[in-house]
Amino acid sequence: MGRLPVEEVRLSVPGKEDCIIAKSEKKGVGLMSAENMEYLTIALPKGKVFGKAAELFKKIGYTAEGLSDKSRKLIITNRDKKIRFIITKTADVPVYVEYGAADIGVIGKDVLLESAKDVYELLDLKIAKCHLMMAVAKQAKRAHLADYANTRVATKFPHIAAEFFNSKGMQMEYIKLHGSIELGPIVGLSESIVDIVETGTTLRENDLEEYAFIADATARLIANRVSFKMKFDRISKMLEDLRAIIG
Amino acid sequence: MCREKNFLLEIPYGMRDFLPHDAAIKRNIENVLANLFKVWGYDEVITPAVEYLDTLTMGNKNSIQRHMFKFFDKNNRTLALRNEMTTSIARLVSSRMQNDDIPFKLSYICKVYRYEQAQTGRQCEFYQAGVELMGNGEPTGDAEIVALAIESMLKAGLVNFQVCMGQVAFINGLMQQWNLAQDKQKYIRRALEKHDLVELDRITAETALPDEARAFLRSLPMLHGNENVLKKAAAFALDEQSKKALDNLEKIYDLLKNYGIDKYVVFDLGVIRDFSYYTGMVFEIYAPGLGSPLCGGGRYDNLLADFGKNCPATGFALGLERLMLALKNQGKTECLTNSKENYVAYAEGRLDEAVEKAMLLRDAGEITELAGSPQKLSEAEAYCRAKNYVNLVYIQ
């Protein structure tokens, strides 16, 4: 049986090349676009720290029109100075900085300790001074810290609390709350709390008493590990300027 | 709502599947690296994933134990999955290759395991590629290692990255020359490792050092830049060890100029790496958009002695998934995928010619799929479009 002549059709699949070109032309729009390398992105937390931090940055010439934590815009840009501010919830600042979505951030040492993120801790800004402590109900106060072993602690900072009690060889039950921690002992949810205090007024008003000091906390300037290296000149200049005004 | 959870479809914490697209990119990078290591004269070695815990923690002691996957053998000895390759290779060289001639130039591409917070680019199970140069204690060895690390980045297609090169002996010498107490030295090293400048300030303030020395110690993480950094540091390096360390960095940098890649390198005396076995030059490579270094290494002259073979050594390891992520950020992964090149389809009764044609194309190295059964031309075209084939070869 003779072979039939082989007819071969070799053709390009329509639409295929366009697809390849479109893909390769797609520039990075994410973290590492050229624009991002040019800009310095600063994450600021909403609330108490915001005003004081914005003021410090303003003093060294880092500001932007409409910079306010009441702003509806979440990103505020200063095109002349190539700065971008992002305004986030307090606990999210270390997250933005660790992932490099922000190069720089301002955050309380309490939140930073609790988040245990791998970031550069550059400077103590000496604002928003407060301290972390353990407090108990005045009426039911026990004689020694060890008397609280194996009891319940209400806290927003379970990691910090665990580190503190572990270092005393105490096993505790940690109850994570998101606000009004002082309620814990009053309503019988816990025997103690671990929280930050500034003046102690809230504690007094709720018949609580500071029982053990854990750590001092002030706002810190933090930086992403890679941004610190890749944008070293700008960040080190900022650090120098901030140091000079803080003293 | 109360359907039973199907654990059979889940994978454990920190583990990852690679689907064809990512697996292809990974394999293509591995091929590039394997070939690069080979042409630089490095021979591949393979060591077991499971070793005795005591072996793997040699030189690092307690700091890494809690990040290891551990279990027991039948004699109740503690086993662990390797968390990196340098220690395993040091063990290998000190035992099985003890009588071979130095230097050893060895490479690996394999999985390692760390029980840590899983991130994109770093699961608990991840891939490392790297080399170890054992038996060369000279700056030429360190320069070769840095140069090969940079070549690895470039050959994989990475464009935007920076190498930061430091020297742990400089910091150690400095602290010794100032007679700092052992615990102070430890705290300072830890503050540097944790990148905590506030803590560093606090510890240095507690020392009895003169103001100038204190200020210099505080500024260690800021010693980043060109050769001026070395000049600045030289003013404080009074003892033999720290002077030698700076001299060593300068020599390595000069050698890197011969390779023509010095433009990627900056000095950074704040880089000290988190494995405690390093004794000399250390370096890390950073790419924008990645929160952690994608490659790191340096000199570890005492690790082999811990295993009973006195031999200087230097090397590096890169995280493959992190490199993949950096390449993706820089839009460089497209050329690392396998584009589907040819689809060979055939009309009824033409299978033999189709096989012959497909084999010809495959011999030429083109990615070629052969249809499973006879097709009409229109069917074959539709299939090509759906599967993204560039060419259709139709035998009629």
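Residues numbered from 1 in each chain as written. Chains lettered and ligands numbered in written order. Predicted model: local features only at pLDDT ≥ 70, side-chain atom pairs only at ≥ 80, totals over all residues.

1. Focus on the overall build of chain A
Each helix and strand in chain A was counted, giving ten helices and twelve strands. The buried share among the 247 residues of chain A stands at 38%. Pairs at least 24 apart in sequence give 67% of the contacts found in chain A among residues at least 6 apart. (Helix = DSSP H or I, 4+ residues; strand = E, 2+ residues; numbered from the N terminus. Buried ≥ 20, exposed ≤ 12 C-beta atoms within 10 Å, placed from the backbone. Contact = placed C-beta atoms within 7 Å.)

2. Here we look at the overall build of chain B
A tally of regular secondary structure across chain B gives 15 helices and 15 strands. The dimensions of chain B, computed from C-alpha atoms along their principal axes, are 90 × 55 × 55 Å. Taken over 396 residues, chain B has a buried fraction of 40%. Within chain B, residue pairs in contact and separated by at least 24 positions form 72% of the contacts whose partners lie at least 6 positions apart.

3. Quick notes on the pairing of strand 12 (residues 313-319) of chain B
Residue and element names in this part refer to chain B. Buried residues dominate strand 12, accounting for six of its seven residues. When strand 6 (residues 125-134) meets strand 12, the two strands line up antiparallel, connected through seven bridges. Bridge pairing in strand 12 links Gly 130 to Ala 317. When strand 11 (residues 295-299) meets strand 12, the two strands line up antiparallel, connected through five bridges. Across the sheet, Gly 298 pairs through a bridge with Gly 315, a residue of strand 12. (Pairing = 2+ DSSP bridges.)

4. Focus on the pairing of strand 2 (residues 40-45) of chain A
Residue and element names in this part refer to chain A. Burial analysis of strand 2 places six of its six residues in the buried class, which makes it a mostly covered element. Taking every second residue as pointing to the same face, both faces of strand 2 are buried, with Leu 40, Ile 42 and Leu 44 on one and Thr 41, Ala 43 and Pro 45 on the other. One ladder, built from six bridges, connects strand 2 with strand 4 (residues 83-88); its direction is parallel. Within the sheet, the bridge partner assigned to Ile 42 lies in strand 4 and is Phe 85. Here strand 2 pairs with strand 5 (residues 104-108) via two bridges, running parallel.

5. What to know about the domain arrangement of chain B
When cut into domains, chain B gives domain 1 (20-334) and domain 2 (340-395). The gap between the C-alpha centroids of domain 1 of chain B and domain 2 of chain B is 49 Å. (Domains from an automatic or database assignment.)

6. Points about unusual backbone geometry
Residue Pro103(B) is bonded to the preceding Ile102(B) through a cis peptide linkage, with omega at 0 degrees. Along the chain, the position of Pro103(B) falls in the loop between helix 4 (86-95) and strand 5 (104-113). Not every positive phi belongs to a glycine, and Lys126(A) is a case in point at roughly 60 degrees. As for its placement among the helices and strands, Lys126(A) is situated in the loop between strand 6 (120-124) and strand 7 (130-137).

7. Digging into the domain arrangement of chain A
Interface size, as often reported, equals the accessible area lost upon joining of the parts. Residue and element names in this part refer to chain A. Entries for chain A in the domain assignment read domain 1 (32-128 + 219-246) and domain 2 (130-215). For domain 1 and domain 2, the distance between their C-alpha centres works out to 31 Å. Among the residues forming the side of domain 1 that touches domain 2, the class breakdown is three nonpolar, no polar and two charged. (Nonpolar A, V, L, I, M, F, W, Y, C, P; charged D, E, K, R; others polar.)

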